[in-house]
Amino acid sequence: MKRTALLLLGALLVIPMTASAADEFLLGFTGFDYETGPGGTADPTPSVQLQVGDYYEAVGFITSFGPLLDPWTDPSLEEYTIFLTGLPVTSRSFFAGYLDCAFADNGRVRYYSDLIPSLGGTPADYGTNPRNLVAPSTFTDGDGTGMMRLGGDVDHFHLVYNFNNNSGSWMADVTLDEGDYLPYIPVQQRAGWILGAEAGPPNPTIPTGYDNQIQGECRIPDSTPTEIQSWGAVKALYR
Amino acid sequence: MTTRKIGLAALLGLMSVFSFAVPAMAGPCDTGTLIDWDADAFAYESNYANLFSNPASNMTMVGVINLFCAPLNILNPQDPNKEYTFIFLNLISQGTTIIPVGTSTIFDTIYNQGIFFIYESSPRNAPLATTPMPANPPNATVPLNFSDGNVLLSGQLNNFETTVVIGSSESGNFRGDYRFTGGSLFNLVAGQTDGLFTGIWCEPVIADGSVCDVQEGYSAHPDGKFDVSAATPAANSTWGAIKAMYR
């Protein structure tokens, strides 16, 4: 009797719901990536892309915000930037023109705000051959005119690059854990974010010393995916 | 939350009285971007399932634009009374191939030449990721509400290719070469040669559902951009307009 009641309750909850899965978008970004040695020193293997022991970093601008942060941000007044760091290559393989790299856990991604330049902020500047005098410092507002708003721990960072068409992508898991925007993220949603980007092909806009353009976003999968099921299928779950 | 915005606006408004205006979101344009979109774009195909696009499958891609850079920065995607959308049509799949690389498996799909249109319309009526997108397109609003209004730009998309990586971590990207051929703003970009069309390509992974939870009937969520082409853009002008630049 108890099991029947549970089945009925479960069925009532599940059956009327259509598939409503949708990721929640935190923010989108665009920028450039580059390689360094430990601690931001010069890339020890500049002739080899992402050799084991090289560190991956990226800087860029945030292009849009999702519902959680949009009420607290205003691109007409503030410049929003991103800095990704702390990611040494741990394994590297190459086959059929594809480069496949895995990275150590515990990297870090941080999002910053600064006033737009016309209001006294320092414009973020890529410069050349990073790290340099302006990157990442103008993206992390090291001059004190801006603030780190949100940051997180980066795990399972994985990059694949296709040299056949000069494009690739990477993705990682992020747990948001710092910054004064953190209270705007529901506690139950601070873990499980997916940070990903396309690593675009070389073109004339890439400053000297950077590897790729990146275009990406941070989002969290729908936490309660549902699907349409028949009575029979629901019952079968309990047999 | 609104209070914070108003307070910030008031404070900074005073500061801006003596400042020169700069184009909003100038920073993101520094990477060579021409047109950018993020959360609100989705693709669907006529014959697709579980990471596989079957040969001859016809793909459509729709989305809402959130950034224009020079020379298109005369358009303001933040204008609440306007909506800028795009649609890509007739991208015919050559079929998905599988390539094992290290700990990953690559799902690679090449599409034949397609066409695209960029629209300006009012009021805003395109469904968004947060709306959410209505399932099983084509339907009452997809692609219809992404293809209404005035055609600002149109063109061809060549060499379109999607790559999805499944392994210890899942990711994906797309790339293609676009060429503008028409539209009411074609004069602004008429000097451009082929440009890059790139971004994230996020497909639903059925096994664990942890990559992109797109609505039923969609095959991917792309987040991407049109890059400015390598050629220096030129625009028709008048002697008066040219002289005005130096006054």
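Nothing here was measured: the structure is a model prediction, and the numbers come from that model. (Residues numbered from 1 in each chain as written. Chains lettered and ligands numbered in written order. Predicted model: local features only at pLDDT ≥ 70, side-chain atom pairs only at ≥ 80, totals over all residues. Heavy atoms only, no water.)

**Observations regarding the overall build of chain B**
Helix and strand content of chain B: 4 helices and 13 strands. With 247 residues in all, chain B has 51% of them scored as buried. Taking the contacts inside chain B whose residues are at least 6 apart along the sequence as the reference set, 70% of them involve residues at least 24 apart. Carbon and sulfur atoms form 59% of the exposed surface of chain B, whose accessible area is close to 10,700 Å². (Helix = DSSP H or I, 4+ residues; strand = E, 2+ residues; numbered from the N terminus. Buried < 20%, exposed > 50% of the residue type's maximum accessible area, 1.4 Å probe, protein only. Contact = heavy atoms within 4.5 Å. Areas by Shrake-Rupley, 256 points an atom, 1.4 Å probe, with all protein chains shown as cover.)

**Let's talk about the overall build of chain A**
When helices and strands are tallied, chain A shows 2 helices and 9 strands. Reading chain A from its N terminus to its C terminus gives the helix and strand order α-β-β-β-β-β-β-β-β-β-α. Long-range pairs, those at least 24 residues apart, make up 71% of the contacts in chain A between residues at least 6 apart in sequence. About 9,700 Å² of surface is accessible on chain A, with carbon and sulfur atoms providing 60% of the total.

**Looking at the state of the cysteines**
All names here are of chain B. All chains considered together, the criterion is met by 2 disulfides over all chains. Here cysteine 29 connects covalently by a disulfide to cysteine 69, the sulfurs 1.9 Å from one another. Between cysteine 29 and cysteine 69 the disulfide shows an S-S torsion of about -80°. By sign, it is left-handed. Of this pair, cysteine 29 sits in helix α2 (residues 26-29) while cysteine 69 sits in the loop between β6 (67-68) and β7 (83-101); the two residues are 40 residues apart in sequence, bridging distant segments of the chain. Residue class for cysteine 69 comes out buried when judged on its relative accessible area of 1%. (Disulfide = S-S within 2.5 Å.)

**Some remarks on the pattern of salt bridges**
Two side chains carrying opposite charge are able to pair once their charged atoms lie near each other. Taken as a whole and assessed by the stated rule, the structure comprises 12 salt bridges over all chains. Residue aspartate 177 of chain A pairs with arginine 108 of chain A through a salt bridge whose shortest N-O separation is 2.8 Å. On the criterion of sequence distance, the pair formed by aspartate 177 of chain A in strand β7 (residues 167-178) and arginine 108 of chain A in strand β5 (residues 107-115) is long-range, its members being 69 residues apart. Given a relative accessible area of 19%, arginine 108 of chain A falls into the buried group. The shortest N-O distance in the salt bridge between aspartate 194 of chain B and arginine 179 of chain B comes to 2.6 Å. Of the two residues, aspartate 194 of chain B is situated in the loop between α3 (186-189) and β12 (195-202) and arginine 179 of chain B in strand β11 (residues 171-182); the sequence distance between them amounts to 15 residues. Three or more residues joined by partner-sharing salt bridges are found here, namely Arg108, Arg110, Asp177 and Glu178 of chain A. (Salt bridge = Lys/Arg side-chain N within 4 Å of Asp/Glu carboxyl O.)

**Here we look at the interface of chain A and chain B**
The partner chain B presents 62 residues to the 58 residues of chain A that form the contact. For the pair chain A and chain B, the summed buried area comes to about 4,800 Å², and 60% of that belongs to carbon and sulfur atoms. Counting every contact that joins chain A to chain B gives 0 salt bridges. Looking at the side of chain A that touches chain B, the elements with two or more residues in it are β1 (24-36), β2 (55-65), β3 (78-95), β4 (98-103), β6 (147-162), β7, β8 (193-199) and β9 (212-220) of chain A. At 6 residues, β7 of chain A tops the list of elements feeding residues into the side of chain A that touches chain B. (Buried area = accessible area lost by both parts, 1.4 Å probe.)

**Concerning the packing of aromatic side chains**
All names here are of chain A. In the structure shown here, the tally under the stated rule is 44 aromatic pairs over all chains. Measuring from ring centre to ring centre gives 5.8 Å for tyrosine 126 and tyrosine 210, while their planes differ by 85°; the resulting arrangement is edge-to-face. Separated by 84 residues along the polypeptide, tyrosine 126 in the loop between β5 and β6 and tyrosine 210 in the loop between β8 and β9 bring together distant segments of the chain. Side by side, tyrosine 126 and tyrosine 210 carry an identical accessibility label, which is buried. Aromatic pair phenylalanine 157 and tryptophan 170: ring centres 4.8 Å apart, planes at 35°, arrangement tilted. Pair noted here: phenylalanine 157 is in strand β6 and tryptophan 170 is in strand β7, with a separation of 13 residues, a long-range link. (Phe/Tyr/Trp six-rings, centres within 6.5 Å; stacked < 30°, edge-to-face > 60°.)

**A few points about the confidence of the model for chain B**
Residue and element names in this part refer to chain B. This prediction gives chain B a mean pLDDT of 85; 80% of its residues lie at or above 70. Per-residue pLDDT stays below 50 along residues 1-25; that stretch engages in 27 contacts with residues further than four places along the chain or on separate chains. Interface confidence for the predicted complex, expressed as ipTM, amounts to 0.81; the pTM equals 0.83. (pLDDT = per-residue confidence, 0-100.)

**A closer look at unusual backbone geometry**
Cis rather than trans, the peptide bond between alanine 135 of chain A and proline 136 of chain A has omega equal to 15°. Relative to the assigned elements, proline 136 of chain A resides in the loop between β5 and β6. Going from threonine 131 of chain B to proline 132 of chain B, the amide bond is cis rather than trans, its omega being 0°. Position of proline 132 of chain B relative to the elements: it lies in the loop between β9 (114-121) and β10 (150-166). Phi is positive for alanine 96 of chain A, which is not a glycine, with a value near 55°.

**A short note on the confidence of the model for chain A**
Residues and elements named next belong to chain A. Averaged over every residue, the pLDDT of chain A is 86; the share at 70 or more is 82%. Within chain A, no element has a lower average pLDDT than helix α1 (residues 2-14), which sits at 44, and none a higher one than β2, at 97. Segment residues 224-228 is flagged for pLDDT under 50; beyond a separation of four residues in sequence, or across chains, it makes 9 contacts in the model.

**Remarks on the side chain of glutamine 213 of chain A**
With respect to the helices and strands, the residue glutamine 213 of chain A is situated in strand β9. Side chain to side chain, glutamine 213 of chain A and lysine 225 of chain B meet in a polar contact 2.9 Å long. (Polar contact = N/O pair within 3.5 Å; in protein donor to acceptor, adjacent residues only side chain to side chain.)

**Structural notes on the nonpolar core**
Leu26, Tyr56, Leu84, Tyr111 and Trp170 of chain A are the most contacted members of the largest nonpolar core, which totals 39 residues. Discounting chain neighbours no more than four positions away, the residues touching leucine 26 of chain A are Ser64, Phe65, Gly66, Leu69, Tyr111, Leu150, Leu176, Ile185, Trp193, Cys218 and Arg219 of chain A. Grouped together as the second largest cluster of nonpolar side chains are 38 residues, Met61, Leu72, Phe197 and Ala220 of chain B included. (Core = buried A, V, L, I, M, F, W, Y, C linked by side-chain atoms within 4.5 Å.)

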